[in-house]
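# Inside the fold
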Amino acid sequence: MSGTGAAVAPRTGRRKRDSREPVLLRHPRNLDVVRHDWQPTLLRRRRPDTTVLLIVFLAAQFLIPARMVIGGMGAVGRPSVALGLLLVFLWLMSLFRSGQLPSGSQPVRWVVGIWVAIELVGYAVGYDRGLPAIEASAADRWLIFVLATAGIVLATADGIGTRKQLDTVLKALVGFTAVMAAIGALQFLRIVDLVQYIKLPGLSLNSDLIGIGARGGPEFARVASTANHYIEFGVVLALVLPIALHYALFARPGSQRRWLWVAVGLIAAGIPFAISRSATLAVLMGMVLMATVWPWRQRYNALVLGVVATAAFHVLQPGVLGTIRALFTNAEDDPSVQDRIARTDYVMDLWSLRPWFGRGAGTVIPSEYILLDNQLYMTLLAGGVLGVTGLVIFFMVPYFIGRSLRLRGADQETRHLAQALAVAMPVGLMVSATFDSFSFATFVGVIAIILGAIGALWRLDHQSPHERVLQVAAPGDKYVATPLMGFWHRNRATPVSDRLT
């Protein structure tokens, strides 16, 4: 009895205390559930994830004219550069907090780390040389640009957690590129120049908009859309075309596939509107490299589609392709080509004065030296042999990382995507010899996203439990062939007893 009374008394006491508690201070039942149910979905997250920030970066990169900047910041005042700085800051905060970054090796981090380290050495070399005020300001802007680029690469490589998120970012890249191509098409057809109507509070023009140009005669418009130059416009479209083609080929039947093929058509049709040798070389090199992974039937289909599309374009826009062809056949009479050749002696003489470390990263500016439409020459003068080495590492090591995924990826779609990403890197290096590519933020931003995507795909594929050997094409694979020596390596990896049974 006494035990029973002792058990009942505490419950009675608690009820009395609850009854005496003021009504307004009571904790309503299911309060957390109600708050959760009524809270808007977008506000439930404590902070936007990396995928959202990268899509915002792409929107700023493609939808805001390149010459529209934050006042007082000059050429690095583009909103996309500011987002890159935010992302590098967030990545550094994650680096110093345990468990915030993905575990395991990430080769893209080493690529970016080496490139940034070389640029920091070049920055110090420049100041050690003793810079005039104008060159010092240019070096500071270059360092800001390098850090923003590193932020985009690292955020993409380490901040994307799933394959679905990676596909979302890359489809956004394709979509925004298609929008830029559509704006360029409207300019080319002289329907409307939408770039003239884009005005955002807090932003101002760093220089006059490039407008609609002409090449090969006044009847042929040459357009840049929201890019900083006609060459940049065409090259960016050529870089994204293999990625757009990948998603169109692997999309499920339905409206999404139709829209992706529309994006492919817009991007491919927009490349000739730049009337650029660099863009033409970029698309040819990119598609040839893509064709190396396709089976013969897919190569044949792509060739037929390319011929038909070229013929249709020639009928709809007669003379444009002939003008582009003349850029190559009449190169010996083209002043721009001859000027580039004539500058070679100047570059070699200036480089010989400081061959190993150059004159300082970001200090070779046209107003103080000479206009060089060649990023390799600019890097050679600014960074010397060390700078060119860093540039080659920046482009070519990710290519081989992507090629490794093409050979050993878990499935056909992964291997095809790896190739579509990888081909952008040698194409980017090639066109860097035809124009000063790192002077154009849209080009660098696209390269940064692609480089980071290679790192993200490498990490996600290595997390999948599959045998990392040369992959033989499955019977149903239509778009990726078995690599050379693939069958031989697979046979070597299989025990003899298994092959005999």
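Nothing here was measured: the structure is a model prediction, and the numbers come from that model.

### Describing the overall build of the chain
When helices and strands are counted, the chain shows 19 helices and four strands. Among the 501 residues that make up the chain, the fraction classed as buried is 47%. Relative to all contacts within the chain whose residues are 6 or more apart in sequence, the contacts with residues 24 or more apart total 76%. Roughly 24,900 Å² of accessible area belongs to the chain as shown, and the carbon and sulfur atoms make up 64% of that amount.

### Some words on the nonpolar core
General note: in soluble globular proteins, nonpolar side chains tend to be found buried as a group. Among the nonpolar cores identified, the biggest contains 118 residues, and Leu170, Leu173 and Phe443 are the most heavily contacted of them. Among the elements that line this core, the one with the most residues is helix 8 (residues 230-250), at 16 residues. Excluding its chain neighbours within four sequence positions, the residues that come into contact with Phe443 are Glu232, Val235, Val236, Leu239, Phe395, Gly428, Val431, Ser432, Phe435, Ser437 and Phe438.

### Points about helix 16 (residues 424-431)
For helix 16, the buried fraction is high: seven of the eight residues fall into the buried class. Buried within helix 16 are the following residues: Ala424, Met425, Pro426, Val427, Gly428, Leu429 and Val431. In this fold, the buried residues of helix 16 make contact with helix 8, helix 10 (277-291), helix 14 (375-408), helix 15 (412-422) and helix 17 (441-463).

### As for the packing of aromatic side chains
All chains considered together, the criterion is met by 14 aromatic pairs. Note on Tyr123 and Tyr127: the rings are 5.1 Å apart at their centroids and 55° apart in plane angle, and the pair reads as tilted. You can see Tyr123 and its partner Tyr127 sitting in helix 5 (residues 107-129), four residues apart, about one turn around the helix. Between the aromatic rings of Phe394 and Phe395, the centroid separation amounts to 5.5 Å while the plane-to-plane angle is 90°, which identifies the pairing as edge-to-face. Directly above the aromatic system of Trp296 lies the positively charged group of Arg299, at a separation of 4.4 Å from the ring centroid.

### Looking at the side chain of Asn374
Counting through the fold element by element, Asn374 comes out in the loop between helix 13 (335-351) and helix 14. Among the residues examined, Asn374 registers a relative accessible area of 13% and is labelled buried. One polar contact links the side chain of Asn374 to the main-chain amide nitrogen of Tyr377, over a distance of 3.0 Å. Look past the residues within four positions of Asn374 in its chain and what remains in contact with it is Ser432, Ala433, Phe435 and Asp436.

### Some details on the environment of Val169
With respect to the helices and strands, Val169 occurs in helix 7 (residues 163-188). In this structure the C-alpha to C-alpha distance between Val169 and Leu53, which are 116 residues apart in sequence, comes to 9.8 Å. When sequence neighbours within four positions are dropped, the list of residues in contact with Val169 reads Thr51, Leu54, Leu58 and Ile160.

Calculation criteria
Residues numbered from 1 in each chain as written. Predicted model: local features only at pLDDT ≥ 70, side-chain atom pairs only at ≥ 80, totals over all residues. Heavy atoms only, no water. Helix = DSSP H or I, 4+ residues; strand = E, 2+ residues; numbered from the N terminus. Buried < 20%, exposed > 50% of the residue type's maximum accessible area, 1.4 Å probe, protein only. Contact = heavy atoms within 4.5 Å. Areas by Shrake-Rupley, 256 points an atom, 1.4 Å probe, with all protein chains shown as cover. Core = buried A, V, L, I, M, F, W, Y, C linked by side-chain atoms within 4.5 Å. Phe/Tyr/Trp six-rings, centres within 6.5 Å; stacked < 30°, edge-to-face > 60°. Lys NZ or Arg CZ within 6 Å of the ring centre and 35° of its normal. Polar contact = N/O pair within 3.5 Å; in protein donor to acceptor, adjacent residues only side chain to side chain.

Any link to function would need more than the numbers given here.
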